[in-house]
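Structural overview
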Amino acid sequence: MTESDWVVGDRDRLTFDAFCDTHEGAWTGFARARLRDDAAAHRAVEIAKVRVWKEWPRILREKIPPFHAWTILKEEIGATLAELMMNGEPLPTQASVPGWVYAVRIAAERAQHLMETGGTHEQLHVALRRLSERRHDVIVLRYLLDLPDEQIADCLGTTEANVRSTASQALDRLAAALGGRRGESR
């Protein structure tokens, strides 16, 4: 991105920079979790930022701007996966269990959300991939990236109560898929 690409207005630029400073960590972490490649994740986030900038005046008029930026990020992650497929590059597979699967298991067990089960990390990975998109996003943002419910709600365009409910439902499904029971406390 060149300097002239940013020259729209100082106020818009400052608002956009602050917005990116607030959300870029979550975007990058999520892209890495989905793509499992730092370079591809960085590229997807940078392209998403360019798109967000181009749509910035419209996004600012939206009721929940972070949700619209999140949608753009997810589109770019999907485009990156499609590009990998078209180039014949290997896609992330369940055979290569990423570190974030371990992080989710450890965080869930530590939080007593998901009791220790007989399931393997590979089975947990499969179970995570079978979650709905919203539940998967909440699990990754909450347990891998350790974001507070308020920030997750902001990204996903929902309420903190909905984030907690979605996380609970996701953990119930993961526990059921792994043949275990969920703990009672949070």
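Here the structure is a predicted model, which means the values were calculated and not measured. (Residues numbered from 1 in each chain as written. Predicted model: local features only at pLDDT ≥ 70, side-chain atom pairs only at ≥ 80, totals over all residues. Heavy atoms only, no water.)

**Structural notes on the overall build of the protein**
Within the protein one finds ten helices and zero strands. Helices and strands in the protein line up, N terminus first, as α-α-α-α-α-α-α-α-α-α. For the protein, the proportion of its 186 residues judged to be buried stands at 41%. In the protein, of all internal contacts separated by at least 6 residues, the share reaching a separation of at least 24 is 71%. Just so you have it, the protein exposes about 10000 Å², and 50% of that area is on carbon and sulfur atoms. (Helix = DSSP H or I, 4+ residues; strand = E, 2+ residues; numbered from the N terminus. Buried < 20%, exposed > 50% of the residue type's maximum accessible area, 1.4 Å probe, protein only. Contact = heavy atoms within 4.5 Å. Areas by Shrake-Rupley, 256 points an atom, 1.4 Å probe, with all protein chains shown as cover.)

**Describing the side chain of E76**
Mapped onto the fold, E76 is located in helix α5 (residues 65-86). Judged by relative accessible area, which is 11%, E76 ranks as buried. Discounting chain neighbours no more than four positions away, the residues touching E76 are A44, I47, A48 and R51.

**Observations concerning the packing of helix α2 (residues 10-35) against helix α8 (residues 133-144)**
The geometry of α2 relative to α8 is characterised by a closest axis approach of 10 Å and an angle of 115° between their N-to-C directions. When the axes of α2 and α8 are compared, the crossing they make is right-handed. Contacts between α2 and α8 pair A26, F30, A33 and R34 from the former with H136, D137, V140, L141 and L144 from the latter. The residue makeup of the contact of α2 with α8, split by class, is six nonpolar, one polar and two charged. (Axes fitted to C-alpha atoms, helices over the stretch in contact; angles between N-to-C directions. Left-handed = near helix turned anticlockwise from the far one by under 90°. Nonpolar A, V, L, I, M, F, W, Y, C, P; charged D, E, K, R; others polar.)

**Some details on the packing of aromatic side chains**
Here the structure, examined in full by the defined rule, presents five aromatic pairs. Seen in terms of ring centroids, F19 and W27 are 5.9 Å apart; in terms of plane orientation they differ by 55°. Their pairing is tilted. Across the pair, exposure class does not vary: F19 and W27 are buried alike. Centre to centre, the rings of F30 and W70 are 4.8 Å apart; their planes meet at 55°, and the pair counts as tilted. Separated by 40 residues along the polypeptide, F30 in helix α2 and W70 in helix α5 bring together distant segments of the chain. Feature note: the residues F16, F19, W27, W53 and W56 constitute an aromatic cluster, connected by ring pairs. (Phe/Tyr/Trp six-rings, centres within 6.5 Å; stacked < 30°, edge-to-face > 60°.)

**Looking at the packing of α2 against helix α3 (residues 38-54)**
The contact between α2 and α3 brings their axes to 9 Å, and the two run at 150°. The interaxial crossing formed by α2 with α3 has right-handed handedness. Residue-level contacts link D12, R13, F16, F19, C20, E24, W27, T28, A31, R32 and L35 of α2 to D38, A40, A41, A44, V45, E46, K49, V52 and W53 of α3. Here the contact of α2 with α3 is built from residues that sort into twelve nonpolar, one polar and seven charged.

**Points about the pattern of salt bridges**
Scanning all chains against the criterion turns up twelve salt bridges. The closest approach of N and O atoms between E62 and R58, which form a salt bridge, is 3.0 Å. Take R58: its relative accessible area is 33%, and that puts it in the partly exposed class. Among the charged side chains, a network of salt bridges with common partners joins E24, E46 and K49. (Salt bridge = Lys/Arg side-chain N within 4 Å of Asp/Glu carboxyl O.)

**Here's the deal with unusual backbone geometry**
Within the chain, D146 stands out as a residue other than glycine whose phi angle is a positive 55°. Within the secondary structure, D146 is located in the loop between α8 and α9 (149-156). Accessibility expressed as a relative area gives 63% for D146, which makes it exposed.

**Topic: the nonpolar core**
Core analysis: the biggest nonpolar cluster contains 33 residues, and W27, V52, W70 and L141 have the highest contact counts within it. Those elements that place two or more of their residues in this core are α2, α3, α4 (56-61), α5, α8, α9 and α10 (160-177). The element that contributes the greatest number of residues to this core is α2, accounting for nine residues. Grouped together as the second largest cluster of nonpolar side chains are ten residues, A127, L128, A170 and L178 included. (Core = buried A, V, L, I, M, F, W, Y, C linked by side-chain atoms within 4.5 Å.)

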